[in-house]
Amino acid sequence: MNKYHRLFLHYAERHPKKSTAILTGATCISLVAMVVFIEMRDARDARRRSEAMKRLGLAEETDSEVKSTNYLERMNNPTTLQEAQLKAMVENAKKSSWKENLENAVDAHSRFMLPGIAGKGEDTPEYVKKIDERSEEILRKQEEKKEQERRLEQDPTRTKFWR
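This structure is a prediction, so every number in the text was calculated from the model and none was measured.

**Considerations on helix H6 (residues 98-112)**
Okay, so step 1: An ideal rise of 1.5 Å per residue puts 21 Å on 15 residues; H6 measures up with 21 Å between its terminal C-alpha atoms.
Okay, so step 2: Residues Asn104, Asp107 and Arg111 constitute the buried set of H6. When H6 is viewed along its axis, its buried side chains cluster within an angular range of 70° and face the same direction. Seen from the open side of H6, the exposed residues pointing more than 90 degrees away from its buried face are Trp98, Lys99 and Val106.

**Details of the nonpolar core**
Okay, so step 1: Ranked by size, the top nonpolar core spans six residues in total: Ala84, Ala88, Tyr127, Val128, Ile131 and Ile138.
Okay, so step 2: Mapped by element, the contributors of at least two residues to this core are helix H5 (81-95) and helix H7 (126-154).
Okay, so step 3: The leading source of residues in this core is H7, at four residues.
Okay, so step 4: In contact with alanine 88, not counting residues within four places along its chain, are Ile131, Arg134, Ser135 and Ile138.

**Side note on the confidence of the model for the protein chain**
Okay, so step 1: Averaged over every residue, the pLDDT of the protein chain is 80; residues scoring 70 or more account for 78%.
Okay, so step 2: Within the protein chain, the element-level pLDDT minimum falls on helix H3 (residues 63-68), averaging 46, and the maximum on helix H1 (residues 2-14), averaging 90.

**Details of a negative patch on the surface**
Okay, so step 1: A contiguous patch of negative charge on the surface is contributed by Glu126, Asp132, Glu133 and Glu136.
Okay, so step 2: As for its placement among the helices and strands, glutamate 126 is situated in helix H7.
Okay, so step 3: Note on glutamate 126: relative accessible area 51%, which makes it exposed.

**So, a nonpolar patch on the surface**
Okay, so step 1: A cluster of nonpolar side chains, contributed by Phe8, Leu9 and Leu23, occupies part of the molecular surface with about 260 Å² of accessible area.
Okay, so step 2: Position of phenylalanine 8 relative to the elements: it lies in helix H1.

**A few points about the packing of H1 against helix H2 (residues 16-56)**
Okay, so step 1: The interhelical angle for the contact between H1 and H2, taken along N-to-C directions, is 120°, at an axis separation of 5 Å. Accordingly, the angle class assigned to the pair H1 and H2 is oblique. Here H1 contributes Phe8, Tyr11, Ala12, Glu13 and Arg14 to the contact with H2, which in turn contributes Pro16, Lys18, Ser19, Ile22 and Leu23.
Okay, so step 2: Tallied by class, the residues present in the contact of H1 with H2 amount to six nonpolar, one polar and three charged.

**Let's talk about the packing of H5 against H7**
Okay, so step 1: At a minimum axis distance of 8 Å, the contact between H5 and H7 shows a crossing angle of 125°. The angle between H5 and H7 places the two elements in the oblique class. Judged by the sense of rotation from one axis to the other, the crossing of H5 with H7 is right-handed. Within the contact between the two elements, H5 uses Leu81, Ala84, Gln85, Lys87, Ala88, Met89, Glu91 and Asn92 and H7 uses Tyr127, Lys130, Ile131, Asp132, Arg134, Ser135, Ile138 and Leu139.
Okay, so step 2: A per-class count over the contact of H5 with H7 returns eight nonpolar, three polar and five charged.

**Considering the pattern of salt bridges**
Okay, so step 1: By the definition in use, this model includes seven salt bridges.
Okay, so step 2: We note a salt bridge from arginine 150 to glutamate 147, for which the minimum N-O separation is 2.6 Å. Of this pair, arginine 150 and glutamate 147 both sit in helix H7, three residues apart, which is roughly one turn of the helix.
Okay, so step 3: Look at glutamate 147 and you get partly exposed, because its relative accessible area is 34%.
Okay, so step 4: By sharing partners, the salt bridges in this structure join Glu91, Arg134, Glu137 and Lys141 into a single network.

Analysis parameters
- Residues numbered from 1 in each chain as written.
- Predicted model: local features only at pLDDT ≥ 70, side-chain atom pairs only at ≥ 80, totals over all residues.
- Heavy atoms only, no water.
- Helix = DSSP H or I, 4+ residues; strand = E, 2+ residues; numbered from the N terminus.
- Expected span 1.5 Å × (residues − 1).
- Buried < 20%, exposed > 50% of the residue type's maximum accessible area, 1.4 Å probe, protein only.
- Arc of directions from axis to C-beta.
- Core = buried A, V, L, I, M, F, W, Y, C linked by side-chain atoms within 4.5 Å.
- Contact = heavy atoms within 4.5 Å.
- pLDDT = per-residue confidence, 0-100.
- Patch = residues over 30% accessible without salt bridge, like charges linked within 9 Å, V, L, I, M, F, W, Y side chains within 5 Å.
- Areas by Shrake-Rupley, 256 points an atom, 1.4 Å probe, with all protein chains shown as cover.
- Salt bridge = Lys/Arg side-chain N within 4 Å of Asp/Glu carboxyl O.
- Lys, Arg positive; Asp, Glu negative; His and termini not counted.
- Charge placed at Lys NZ, Arg CZ, Asp CG, Glu CD.
- Axes fitted to C-alpha atoms, helices over the stretch in contact; angles between N-to-C directions.
- Parallel < 35°, antiparallel > 145°, perpendicular 65-115°, else oblique.
- Nonpolar A, V, L, I, M, F, W, Y, C, P; charged D, E, K, R; others polar.
- Left-handed = near helix turned anticlockwise from the far one by under 90°.

Here it is in structure tokens:
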């Protein structure tokens, strides 16, 4: 190994421009190879997931649905309990002081990262109750909004031109 190292250093000292170009080229080629490998792996995994979903008969979003839905749009209109809980957590963190946020973070870490050790026999903390209540409220309001839109859609007096 030392022999090759000395040979490489000797070549680099004698031909600095050429050795720099070779190292830069080799680095770029290896970077491109890694990116291509990662993309191929991700495409294969997505294909497998899609085939498994089709076999199980579960619905999945199409590419056009995924592309048309951006993050802010989904946060304003959460569709699942987890998304509503995330929105409620963000709201709770914005309303709380920095001390309360630190206390909540420590408690959440001990509860969720170490579930068997911490939190045995304790009541649910206040911030968790707030998050649960707010997420349920968010989902309830979303359902009411969808129901109102459905009723307006079926209203014969409204014209499609002015919507």
